[in-house]
Amino acid sequence: MKSIIDAHAHGGIQDRNPPQSFRDYAERARGGGIGSVVMFPPVMEIYDRHDPGFEDNFRWQERRRRANRYLLTAGDEDFPVIPYFFIWNDFAVDQLSDDHQGIKWHRHPGEPVYHYDAPECANAIEVIRERNLPVVLEEELKNTLRFIREIAPGVRVIIPHLGLLNGGYDALKRHGIWEMENIYADTALASASDIADYLNRYGHERLLFGSDFPFGDPEEELEKVLQMNLPEDVQEGLVGGNLRRMLSGNRPGV
Ligand SMILES: [Zn+2]
């Protein structure tokens, strides 16, 4: 089997609560057969999630810049990091490097909102579209639907946790989201029964194994998937093949 890729982990050295540097990750995951990891910065390196009225300031802009930059050099040859750029309300796509392989877009209810109507947002979507970068989108249900249908139609979106924090797996099912061909999902902290239901209905090709380190344990999350005794091709797709194929659709920056 080709090396296993974890498609969902947080990595950073500014927010150390809990410890979540690349080194911390590698120590926890190296024994279990995982060979590389998609990482995006921790939320608390991007915006103040505890202040719903939070706007932005220079200090946080610098913190974000450092957070996104850290991941560009975090991995090593034996254990590569696939960095995703965590975008926030300044929509700073000028900081995107050719090495960024995806976008992280994240907000929970009660947290400061993305300015979806700002021209900078539309510009960012255009850049994302040009490079065909996948977007890991964790947002409340109504913004998830709006993003997929109106803000960024056709853009490849990965919904983490099989929708657990986007309104739930079933709500997205009712809205016909999972069958859309540009919508992917990851298994991080999702239940085995939702994973099985998804595979039955939508096939395996857009489902990615992820751990949500440091909130999920990489080895345990991998074990959860392996213990489902899936057909070999399905399992191989989930633990790396699907992600590799998805990222091969990325286009270099222009
Ligand atoms: Zn996460």
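See above for the structure.
Peer 1: Before we go on, may I ask you to explain the overall build of the chain in this structure?
Peer 2: Tallying secondary structure elements over the chain gives eight helices and eight strands in all. The C-alpha atoms of the chain give 17 Å as radius of gyration, which agrees with the globular expectation for 254 residues (18 Å, within 12%). The principal-axis extent of the C-alpha atoms belonging to the chain is close to 50 × 40 × 35 Å. When the 254 residues of the chain are sorted by exposure, 56% land in the buried category. Long-range pairs, those at least 24 residues apart, make up 70% of the contacts in the chain between residues at least 6 apart in sequence. Surface summary for the chain: the accessible area is close to 11000 Å², and the carbon and sulfur share equals 47%. Within the chain, one finds 28 positive and 42 negative side-chain charges whose respective centroids are separated by 2 Å.

Peer 1: Could you clarify how one ought to interpret helix α6 (residues 192-202) in this entry?
Peer 2: Since the α-helix advances by 3.6 residues per turn, residues separated by three or four positions end up pointing in the same direction. Every buried residue of α6 is accounted for by Ile195, Asp197, Tyr198, Leu199 and Tyr202. Against α5 (169-174), β7 (183-186), β8 (207-208), α7 (218-226) and α8 (232-247) lie the buried residues of α6. Immediately downstream of α6, the backbone of Gly203 shows phi near 80°, a positive value.

Peer 1: Can you walk me through the layout of surface pockets in this structure?
Peer 2: Any space left empty among the atoms is revealed by the rolling of a water-sized probe across them. Size it by volume and the largest pocket reaches roughly 240 Å³. For the lining of the largest pocket, the secondary structure elements donating two or more residues are β1 (4-10) and β4 (102-106). Considered class by class, the residues forming the lining of the largest pocket number five nonpolar, eight polar and five charged.

Peer 1: Just to check I follow, could you spell out the coordination of the zinc ion for this structure?
Peer 2: Geometry sets the ideal angles at a metal, namely 109.5 degrees for four tetrahedral donors and 90 or 180 degrees for six octahedral donors. Within the first shell, the zinc ion binds the protein through His8 (NE2), His10 (NE2) and Asp212 (OD), at distances of 2.1 to 2.2 Å. All donors of the zinc ion come from a single chain, and their spacing in sequence reads H-x1-H-x201-D. Both residues of the pair, His8 and His10, count as buried.

Peer 1: When you look at the environment of Glu236 in this model, what are you seeing that I'm missing?
Peer 2: Along the chain, the position of Glu236 falls in helix α8. Measuring from C-alpha to C-alpha, the distance between Glu236 and Cys121 comes to 36 Å, with 115 residues separating the pair along the chain.

Peer 1: When you look at empty space enclosed by the protein in this model, what are you seeing that I'm missing?
Peer 2: Scanning all chains against the criterion turns up one cavity of 30 Å³ or more. Size it by volume and the largest cavity reaches roughly 50 Å³. Around the largest cavity sit Gln61, Arg64, Arg65, Asn68, Phe85, Phe86, Ile87, Trp88, Asp90, Ala92 and Gln95, which together line it. Those elements that provide at least two residues to the lining of the largest cavity are α2 (58-70) and β3 (81-86). Take the lining of the largest cavity: its biggest share by element is four residues, from α2.

Peer 1: How do you make sense of the sheet that holds strand β2 (residues 34-40) when you look at a structure like this?
Peer 2: The strands that make up a sheet are held in pairs by hydrogen bonds between backbone atoms, and each pair lies either parallel or antiparallel. The eight strands lie next to each other as β1-β2-β3-β4-β5-β6-β7-β8, forming an open sheet whose pairing is parallel. Bordering the open sheet on either side are β1 and β8, each of which pairs with just one other strand. Bridge analysis of β1 against β2 gives five bridges, and the strand direction is parallel. Bridge pairing links His10 to Phe40 in β2. This element, helix α1 (residues 22-29), spans β1, β2 and β3 of the sheet and lies at about 145° to β2.

Peer 1: What am I meant to see in the pairing of β1 here?
Peer 2: Look at any regular strand and the pattern is simple: side chains alternate between the two faces of the sheet. Burial within β1 is extensive, with seven of its seven residues counted as buried. Crossover handedness for the path β1 to α1 to β2: right-handed.

Peer 1: Can you walk me through unusual backbone geometry in this structure?
Peer 2: Residues other than glycine predominantly adopt negative phi, and peptide bonds predominantly adopt the trans conformation. In this model, Asn17 is joined to Pro18 through a cis peptide bond whose omega is 5°. Counting through the fold element by element, Pro18 comes out in the loop between β1 and α1. Following Phe213, the chain continues into Pro214 via a peptide bond in cis, with omega recorded as 5°. Checked against the element boundaries, Pro214 lands in the loop between β8 and α7.

Peer 1: Would you take a moment to explain the packing of aromatic side chains for this structure?
Peer 2: To describe a pair of aromatic rings, one takes the distance between the centres and the angle between the planes. Taken as a whole and judged by the stated rule, the model has 16 aromatic pairs. The rings of Phe91, Trp105, Tyr114, Tyr116 and Phe147 are connected pair by pair, giving a single aromatic cluster. Above the face of the Trp60 ring, Arg63 is positioned so that its terminal group lies 5.2 Å from the ring centre.

Criteria and thresholds
- Residues numbered from 1 in each chain as written.
- Predicted model: local features only at pLDDT ≥ 70, side-chain atom pairs only at ≥ 80, totals over all residues.
- Heavy atoms only, no water.
- Helix = DSSP H or I, 4+ residues; strand = E, 2+ residues; numbered from the N terminus.
- Rg over C-alpha atoms; globule rule 2.2 N^0.38 Å.
- Buried < 20%, exposed > 50% of the residue type's maximum accessible area, 1.4 Å probe, protein only.
- Contact = heavy atoms within 4.5 Å.
- Areas by Shrake-Rupley, 256 points an atom, 1.4 Å probe, with all protein chains shown as cover.
- Lys, Arg positive; Asp, Glu negative; His and termini not counted.
- Charge placed at Lys NZ, Arg CZ, Asp CG, Glu CD.
- 1 Å grid on protein atoms, 1.4 Å probe; cavity = no way out; pocket = protein on both sides within 12 Å on 5 of 7 lines; lining within 4 Å.
- Points joined across faces, edges and corners; volume = space filled by probe spheres on them.
- Nonpolar A, V, L, I, M, F, W, Y, C, P; charged D, E, K, R; others polar.
- Donors = N, O, S within 2.8 Å, 3.2 Å for Na, K, Ca; no water.
- Pairing = 2+ DSSP bridges.
- Axes fitted to C-alpha atoms, helices over the stretch in contact; angles between N-to-C directions.
- Right-handed = clockwise from strand over helix to strand, strands pointing away.
- Phe/Tyr/Trp six-rings, centres within 6.5 Å; stacked < 30°, edge-to-face > 60°.
- Lys NZ or Arg CZ within 6 Å of the ring centre and 35° of its normal.

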